[in-house]
Amino acid sequence: MYKTVLEMRNIWKSFSGNVVLRDVNFTVRLGEVHGILGENGAGKSTLMKILMGIYSKDSGTLLLDGEEVDIQSPKQALELGISMIHQELNPVLDLSIAENVFLGKEITKYGLVQYKEMQRQALEIIERVGLSVPTKQTMRGLSIAQMQQVEIAKALSWNAKVMIMDEPTASLTEREIDALFHIIRQMTEKGISVIYITHKIEELFRICNRVTVLRNGEYIATEEISETNRDHLISLMVGREIGEIYPKEDVDIGEVVLEVENLSVDNVLSDVSFYARKGEILGVAGLVGAGRSELMETIFGLRTPSSGQIRIHGEPISITSPRTALKNKMAFVTEDRKVTGLNLIAPLRENITLVTVRQFVENLRINKKKETDASNLYIDRLGIKTDSCESQVKDLSGGNQQKVVIAKWLLADPDIIIMDEPTRGIDVGAKRDIYLLMGELVKQGKTIILISSEMPEVLGMSDRLMVLSGGKVMGVLDRNKFEQQKIMDMQFGAVYH
Amino acid sequence: MMSMNEMGQNQARKGRSNLQALVMLFVLIGMFIVLSLLSPMFSRVGNVINIFKQTAINGILATGMACAILVGGFDMSVGSTVGLSGIIAALMATGGQEGLFLPVVCSVLAGLLVGVINGVAVAYMKVPAFVVTLGTQSIVRGLAYILSGGRPIFGVSESYEKIAGGLLFGKIPYLVIYYIVIALLMGFILQCTVYGRRMYAVGGNAEAARVSGINVEFIQMSAFAICGLMGGIAGMLSTSRTVSAAPLTGEGYELDAIASCVIGGFSMDGGAGKWYGMIIGALILSVMSNGLDILGVASYYQRILKGAIIIIIVLIDVRSKRKRT
Amino acid sequence: MKSKAKWLLTLLLIISIISMSVACAPSQPASTDTGGEKPVDTGAPDDGKEPVVYFCISHMTNAWAITASESMEAEAKKQGANLTVLEAGQDINAQVSQVEMAVTNGADAIIIEPVSAEGAIAAIKKAEQDGVRVIVYNQNIADPSQATTFVGVSNADMGYMEMKAAIDAIDGKGNVVLLLGPMGSEGQIGRSAGYDKALKEYPDVNVVFQEDAQWTTEEALKLVENWISTGTEINAVVSQNDNMALGAIKAFEDAGIEGVPVYGVDAVDDALKAIKKGRLTGTVDQATAEQSRLAIEVAIKLSKGEAVEKEYLAEPTLIDINNIDNYLTE
């Protein structure tokens with residue numbers, strides 16, 4: 001019936017005693033798109049890295065076209081017809097397209113590189129993936145989507161049988177995604193199998209034939225996509241029913257705390273108005289480039305507005321820097337904790353008290369005992385897993401790092417907490433902890449503004465949802481009017497009244 | 001993906017940032033023991049005081065340099081600042097001028113001014129520290145030549161000579177006392193005050209510090225200002241110690257100061273380093289130089305040794321960093 | 001922000017270029033400006049005009065160099081030469097370009113105190129080929145035949161004179177320490193050769209330490225402190241310049257040791273004052289003023305086309321407490 005191209009049987013892998021893959025089985029059929037679904041930490045990348053020869057498995061069997069193979073290096077994987085398109089593309093920007101396609105296997109004659117021949121052959125290959133640009137051109141001038149096409153072309157040049165794509169749509173526009181899916185379908189028609197890693201469940205339904213779910217390093221299930229649905233996949237992935245994933249508390253919503261009126265920032269935001277109330281979680285949705293983070297940065301004094309007004313408790317205020325935002329009892333859990341949230345090389349204690357260290361000063365001196373006590377209190381309260389508050393933050397897992405950022409702000413006792421992608425890249429358990437904490441905070445009468453690209457998250461947690469597109473407010477929906485399709489439309493610019 | 005794995009390694013990684021300073025402390029003690037065995041004169045009180053005397057100027061520069069390095073920069077101009085402030089002090093303390101206030105205050109302020117200029121250019125105008133301080137290095141050295149007319153200045157007043165040369169309890173030169181006081185004061189600032197904490201925060205991640213409401217530019221600027229101030233103090237003391245000043249004085253001192261910090265565990269990326277590290281680093285350099293002088297090792301070999309030690313230490317640092325990722 | 005940074009960078013660049021050109025430019029322009037409008041003139045000057053002489057000095061950062069350039073200017077005025085002083089800041093490339101510039105600007109003779117004994121040869125050769133006579137001053141080049149003549153003082157003679165004085169001061173036996181200039185510099189090689197000659201005559205004198213102190217007071221101070229620390233008896237210090245000798249004196253004073261004779265070379269003002277005060281035992285005068293007088297005299301002769309000798313050596317003199325009053329101007 002179906003011809004199996006690749007089979008991974010009973011794969012085990014552990015790193016210094018921690019088992020990260022536990023008896024995983026996985027098969028890929030000829031010409032199928034096979035999705036792999038799993039939370040961060042589920043073992044997806046480790047499995048793929050074993051396939052690519054980057055890691056070696058502890059035990060298990062790998063069959064390619066029915067024959068057992070032992071892949072020791074990425075080069076060997078490539079020669080066997082297994083290629084990988086990484087999420088982070090790393091082309092050599094200043095080399096030409098042709099040179100990138102043939103990187104590592106340049107066409108030579110008498111030891112001299114045959115540029116003309118390489119350009120000719122490269123052109124043939126990139127045309128197969130729908131790219132028509134001169135192959136003499138350097139990579140630097142290409143868009144991300146085009147670079148990805150070159151990467152795919154490169155994989156094709158190795159005569160790939162199995163192509164692994166790791167989050168290929170992460171930085172593509174909708175039109176580019178359509179084009180990519182077109183290329184994928186063309187390849188599968190020619191008998192190439194694609195392993196498609198994503199955590200966007202919607203994409204699985206658009207492109208995949210089957211999907212395998214991993215959780216905590218274990219194989220959970222493989223489903224025919226036509227015989228499953230979204231909620232089922234989510235529950236397989238997180239191991240709980242969907243209602244349990246977003247523990248939404250019922251809280252009495254009070255008076256308006258934050259009002260933003262006609263806020264504009266040149267080229268980024270135009271005429272944004274909204275309000276947020278006490279005890280409320282206001283969700284903010286929108287695509288990349290919709291201006292969500294920019295809006296929050298402006299409210300927090302990191303950007304200068306060209307016009308507009310911000311009122312807190314009815315009082316007009318002028319926020320010119322994060323310091324004034326802090327004085328007005330605001331907090332900002334930023335989008336990228338490593339870039340704008342944490343001092344990774346400092347201990348937890350210094351990160352947790354980064355904003356509030358003045359509280360612990362006695363006669364010019366920081367009272368380290370009090371500081372440590374306060375840090376430990378929040379480590380306990382947020383369930384941060386660490387040996388001590390003196391450990392360096394960089395040694396923590398993503399979820400624990402995120403909790404440190406939140407602890408830092410909670411110590412300042414803010415009224416308004418802006419959370420920009422607070423659960424990005426963290427494991428299921430930590431996500432749940434953060435959702436529970438959000439519930440606790442609004443119960444205490446705080447206001448939370450939640451920005452998230454994960455639709456289920458904003459739908460699950462928000463009381464109201466504001467949708468932005470192109471720097472404008474497309475509409476604000478109440479919880480009882482949440483409809484995923486409507487929100488998607490609004491994200492693409494449909495105005496909702 | 002690797003979270004479990006990462007957590008498993010936490011134990012081993014813990015506290016590695018302090019490790020280097022401690023390792024260097026053992027290196028220092030080891031050097032001291034070996035040199036004492038090689039030459040019985042080495043560990044005599046008189047020589048130990050000598051070592052501290054010879055550490056003081058570089059040590060004071062290293063305390064300032066540590067600040068600049070902590071906030072993620074470094075200062076190539078301190079050596080020239082030593083020259084300039086030394087000349088200013090000498091001009092005001094020679095030819096029968098007995099007053100101390102003027103030479104001390106003017107030379108120290110000159111250093112501070114150079115530091116502020118560096119700091120403003122780096123922090124507010126966003127010019128890379130290397131470029132700014134290379135520029136001021138040349139400008140300040142030029143000023144030192146102009147002020148001195150290119151000549152060394154001798155004949156500093158006796159009272160001025162006493163600033164560094166005077167003895168506490170008839171034994172310990174004031175110069176050593178100043179160094180100890182400055183190093184401890186800087187230790188207190190870095191370790192115990194909000195200001196010190198902010199230097200670490202800014203050097204560790206300036207953007208995170210900014211979002212957390214810290215005035216990043218001011219912290220950066222002031223760190224360079226402190227570095228300049230230390231250059232001024234070092235120049236002022238150098239003139240007293242040698243009872244003379246030359247426009248060339250201090251040439252290359254910035255490199256010794258940077259080396260002291262790097263040996264003492266300060267990361268050139270900023271945000272990491274312990275206050276005692278800069279003292280240990282400075283002591284290692286001068287113990288090495290003093291010990292090898294006593295053993296009669298030619299200075300050319302000393303240069304090679306110094307360079308090799310710096311590279312080895314940075315290598316250890318880089319390797320331990322690589323293991324972490 | 002970015003444009004501001006650019007602006008500042010440009011400014012910095014301009015400042016450093018200006019400061020560099022100021023440093024390299026003629027530091028003391030002579031009375032009349034040659035300005036380059038004069039055509040390249042390789043032969044004798046027109047009658048009645050002062051000969052154009054360029055003095056290329058390696059650096060102007062110590063007392064000796066300043067004495068040299070000042071005495072040169074004084075002699076030029078006295079003997080009637082149009083002198084321009086060019087300073088190379090110890091940079092051989094700068095000196096080479098300065099020699100080239102002097103040739104293009106129509107020099108009648110070039111007096112050069114070379115930055116490096118090797119590096120200056122090519123430029124000197126080129127100038128001589130272009131018909132400009134070159135007088136090497138104070139420090140000879142590695143191949144003296146390339147220049148027309150050398151005016152200087154024998155470093156070996158000075159070294160011998162200094163060491164002999166020190167040996168006499170300790171009655172022909174005991175331990176001496178040597179503070180040297182950077183190894184390989186003309187002064188160090190010559191003076192050390194003189195030391196060796198004197199030391200051979202007195203086998204009872206031991207050199208217990210010798211080290212490069214980079215001509216500086218700070219380095220000499222540190223070295224002598226460390227040598228005192230070893231507990232080795234030091235009977236005399238012989239230093240290759242006065243700056244280092246003054247550092248040695250400070251080290252002995254700090255250590256509370258008295259009566260160790262210390263000798264230097266150069267006879268700089270402060271050394272002379274120190275001799276008067278009894279702190280420094282003696283110094284050897286390079287006869288810098290005499291060298292300058294000879295150099296200008298030879299330059300004028302050359303510009304008139306007269307024949308000159310291959311070498312002119314000024315006579316060094318030992319200055320100590322006995323004859324100090326002849327040298328102190330105050």
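Positions within a chain are numbered from 1, following the residues in the order the chain's sequence is written. Whichever chain is written first is A, and whichever ligand is written first is 1; the rest continue in order. In keeping with the predicted nature of the model, local features appear solely for residues at pLDDT of at least 70, side-chain atom pairs appear and are counted solely at 80 or more, and the whole-chain, interface and lining totals rest on all residues. Each side-chain value is derived from all of the structure's non-hydrogen atoms; neither hydrogens nor water enter the calculation.

J.: How would you summarise the overall build of chain C if you had to cite specific residues and measurements?
T.: Tallying secondary structure elements over chain C gives ten helices and twelve strands in all. When a residue's accessible area, from a 1.4 Å probe over protein chains only, is under 20% of the maximum for its type it is buried; when over 50% it is exposed; and in between it is partly exposed. Put simply, chain C has 330 residues, and 55% of those count as buried. By definition, residues are in contact when any of their heavy atoms lie within 4.5 Å. Residue pairs in contact within chain C that sit at least 24 positions apart in sequence constitute 73% of those at least 6 positions apart. By the criteria applied, helices consist of DSSP H or I runs no shorter than four residues and strands consist of E runs no shorter than two, each listed in order from the N terminus.

J.: Explain the environment of F32 of chain B to me, and be specific about the residues and the numbers.
T.: Residue and element names in this part refer to chain B. Checked against the element boundaries, F32 lands in helix α2 (residues 16-38). Taking the relative accessible area as the measure of exposure, F32 reaches 28% and is therefore partly exposed. Expressed as a C-alpha distance, the spacing of F32 and F42, which sit ten residues apart in the sequence, is 8.3 Å. Once you skip the residues sitting within four places of it in the chain, F32 turns out to touch F42, S43, V48 and I51.

J.: I'd like a rundown of the sheet that holds strand β24 (residues 472-478) of chain A, residues and numbers included.
T.: Residue and element names in this part refer to chain A. When DSSP locates at least two bridges between a pair of strands, those strands are taken to pair. The six strands are arranged β18-β21-β22-β15-β23-β24 in an open sheet whose pairing can be described as mixed. Of all strands in the sheet, those bounded by a partner on one side alone are β18 (330-333) and β24. Within the sheet, the average angular offset between the axes of one strand and its neighbour, ignoring direction, is 20°. Pairing of strand β15 (residues 281-285) with strand β22 (residues 447-451) involves four bridges; the strand directions are parallel. Bridge pairing in β22 places G283 opposite L450. All axes here are fitted lines through C-alpha atoms, helices being fitted over the stretch that makes contact, and every angle between N-to-C directions spans 0 to 180 degrees. Across the face of the sheet, helix α16 (residues 428-443) comes into contact with β15, β21 (416-420) and β22 while running at roughly 145° to β22.

J.: Describe in detail empty space enclosed by the protein, supporting the description with residues and values.
T.: Residues and elements named next belong to chain A. Space inside and on the surface of the protein is sampled on a 1 Å grid over the protein atoms alone, with a cavity defined as a set of points where a 1.4 Å probe fits but cannot get out and a pocket as an open set with protein on both sides within 12 Å along at least 5 of 7 lines; lining residues have an atom within 4 Å of a point. Grid points are joined across faces, edges and corners, and a volume is the space filled by probe spheres set on the points. As enumerated under the stated definition, the model contains four cavities of 30 Å³ or more in all. Roughly 70 Å³ of internal volume is contained in the largest cavity. Taken together, R128, V129, L156, I183, Q186, M187, K190 and I192 make up the full set of residues lining the largest cavity.

J.: Go over the domain arrangement of chain A, please, and point to the residues and values.
T.: Residues and elements named next belong to chain A. Boundaries between domains were set according to an automatic or database domain assignment. Here chain A is partitioned into domain 1 (4-242) and domain 2 (256-491). Here the C-alpha centre of domain 2 lies 35 Å away from the C-alpha centre of domain 1. Facing the six residues of domain 1 at the interface are eight residues of domain 2. For the pairing of domain 1 and domain 2, the buried interface totals around 640 Å² over both sides, and the portion due to carbon and sulfur atoms is 52%. Whenever Lys or Arg places a side-chain nitrogen within 4 Å of a carboxyl oxygen from Asp or Glu, that contact is recorded as a salt bridge. On inspection of domain 1 and its partner domain 2, the count reaches zero salt bridges. Think of a polar contact as two N or O atoms within 3.5 Å of one another; within protein, one of them needs to be a possible hydrogen donor and the other a possible acceptor, and neighboring residues in sequence only count if both atoms come from side chains. Our count for the domain 1 to domain 2 interface comes out at zero residue pairs in polar contact (both at pLDDT 80 or more). Three categories are distinguished: nonpolar for Ala, Val, Leu, Ile, Met, Phe, Trp, Tyr, Cys and Pro, charged for Asp, Glu, Lys and Arg, and polar for the others, with Gly belonging to the last. Looking at the side of domain 1 that touches domain 2, its residues break down into one nonpolar, one polar and four charged. Throughout, the accessible surface (probe 1.4 Å) given up by two parts as they are put together, summed over both, is called the buried area.

J.: Break down the interface of chain C and chain B for me, with residues and values.
T.: With 35 residues of chain C in contact, the opposing surface of chain B contributes 42 residues. Taking both sides of the interface into account, the surface hidden between chain C and chain B amounts to around 3100 Å²; carbon and sulfur atoms contribute 56%. There are four salt bridges connecting chain C and chain B. In this structure, E161 of chain B and K250 of chain C form a salt bridge, with 3.5 Å as the shortest nitrogen-oxygen distance. Our count for the chain C to chain B interface comes out at 14 residue pairs in polar contact (both at pLDDT 80 or more). Only α1 (2-24), α2 (63-79), β7 (205-212), α7 (217-229) and α8 (242-255) of chain C provide two or more residues apiece to the side of chain C that touches chain B. Among the residues making up the side of chain C that touches chain B, the classes are represented as 16 nonpolar, ten polar and nine charged.

J.: Account for a nonpolar patch on the surface, naming residues and giving values.
T.: A contiguous nonpolar patch, built from L22, L25, F26, I29, I33 and L37 of chain B and spanning about 610 Å² of accessible area, is present on the exposed surface. As for its placement among the helices and strands, I33 of chain B is situated in helix α2. Within this analysis, patches are made of residues with over 30% relative accessible area and no salt bridge. Like charges are joined at 9 Å or less; nonpolar side chains (Val, Leu, Ile, Met, Phe, Trp, Tyr) at 5 Å or less. Working definition of accessibility: Shrake-Rupley area with a 1.4 Å probe, residue cover restricted to the visible protein chains.

J.: Describe the domain arrangement of chain C, with residues and values.
T.: A common measure of how large an interface is: the accessible area buried when the components associate. Residue and element names in this part refer to chain C. According to the domain assignment, chain C consists of domain 1 (26-152 + 288-314) and domain 2 (155-285). The gap between the C-alpha centroids of domain 1 and domain 2 is 32 Å. Tallying the contact residues gives five residues for domain 1 and five residues for domain 2. Counting every contact that joins domain 1 to domain 2 gives zero salt bridges. Among the residues forming the side of domain 1 that touches domain 2, the class breakdown is two nonpolar, three polar and no charged.

J.: Outline the packing of aromatic side chains, supporting the account with residue identities and numerical values.
T.: All names here are of chain A. Only the six-membered ring of Trp is used, alongside the rings of Phe and Tyr, when aromatic pairs are assigned; centres must lie within 6.5 Å, and planes under 30 degrees apart are stacked while those over 60 apart are edge-to-face, with the rest tilted. Applying the stated criterion across every chain yields a total of ten aromatic pairs over all chains. Ring centres 5.6 Å apart and planes at 90° place the aromatic pair F300 and W409 in the edge-to-face group. With a gap of 109 residues between them, F300 in the loop between α10 (292-299) and β16 (307-312) and W409 in helix α15 (residues 398-410) connect regions that are remote in the sequence. Assigned by exposure class, F300 and W409 land together as buried. Site record: aromatic cluster; members linked through ring pairs are F300, F332 and W409. The aromatic ring of Y275 is capped on one face by R464, whose charged end is 4.1 Å from the ring centroid. In this scheme, Lys NZ or Arg CZ marks a charge over a ring once it lies within 6 Å of the ring centre and within 35 degrees of the ring normal.

J.: Lay out the packing of helix α5 (residues 144-157) of chain A against helix α6 (residues 174-189) of chain A in plain terms, naming residues and giving numbers.
T.: Each pair of packed helices gets described by two things: the angle between the helix axes and the distance between those axes. All names here are of chain A. At a minimum axis separation of 11 Å, α5 and α6 run at an interaxial angle of 10°. By the angle between their directions, the pair α5 and α6 is classed as roughly parallel. Residues A145, Q148, Q149, I152 and L156 of α5 touch α6, and the partners they reach there are E176, L180, I183 and M187. Its residues assigned to classes, the contact of α5 with α6 shows six nonpolar, two polar and one charged. Roughly parallel means an angle under 35 degrees; roughly antiparallel means over 145; roughly perpendicular covers 65 to 115; every other angle is labelled oblique.

J.: So, the sheet that holds strand β3 (residues 109-112) of chain C: which residues are in play, and what are the values?
T.: Residues and elements named next belong to chain C. The six strands are arranged β2-β1-β3-β4-β5-β11 in an open sheet whose pairing can be described as parallel. Both outer strands of the open sheet, β2 (82-87) and β11 (311-313), are each paired with one neighbouring strand and no more. Taking each pair of neighbouring strands and ignoring which way they run, the sheet shows an average axis angle of 20°. Where strand β1 (residues 52-57) lies against β2, six bridges are found, and the strand directions are parallel. When the sheet's bridge partners are listed, F55 is paired in β2 with V85.

J.: Residue-level account of the packing of helix α13 (residues 275-295) of chain B against α7 of chain C, with values.
T.: Closest axis-to-axis distance for the α13 of chain B/α7 of chain C pair is 9 Å, and the angle between their directions is 60°. As far as their axial angle goes, α7 of chain C and α13 of chain B are oblique. Judged by the twist between their axes, the crossing of α13 of chain B over α7 of chain C is right-handed. Contact with α13 of chain B, carried on its side by S289, N290, D293 and I294 of chain B, involves K222, L223, N226, W227 and S229 of chain C of α7 of chain C and no other residues of that element. Residues belonging to the contact of α13 of chain B with α7 of chain C are distributed by class as follows: three nonpolar, four polar and two charged. When the near helix sits turned anticlockwise from the far one by under a right angle, the crossing is termed left-handed; a clockwise turn instead gives a right-handed crossing.

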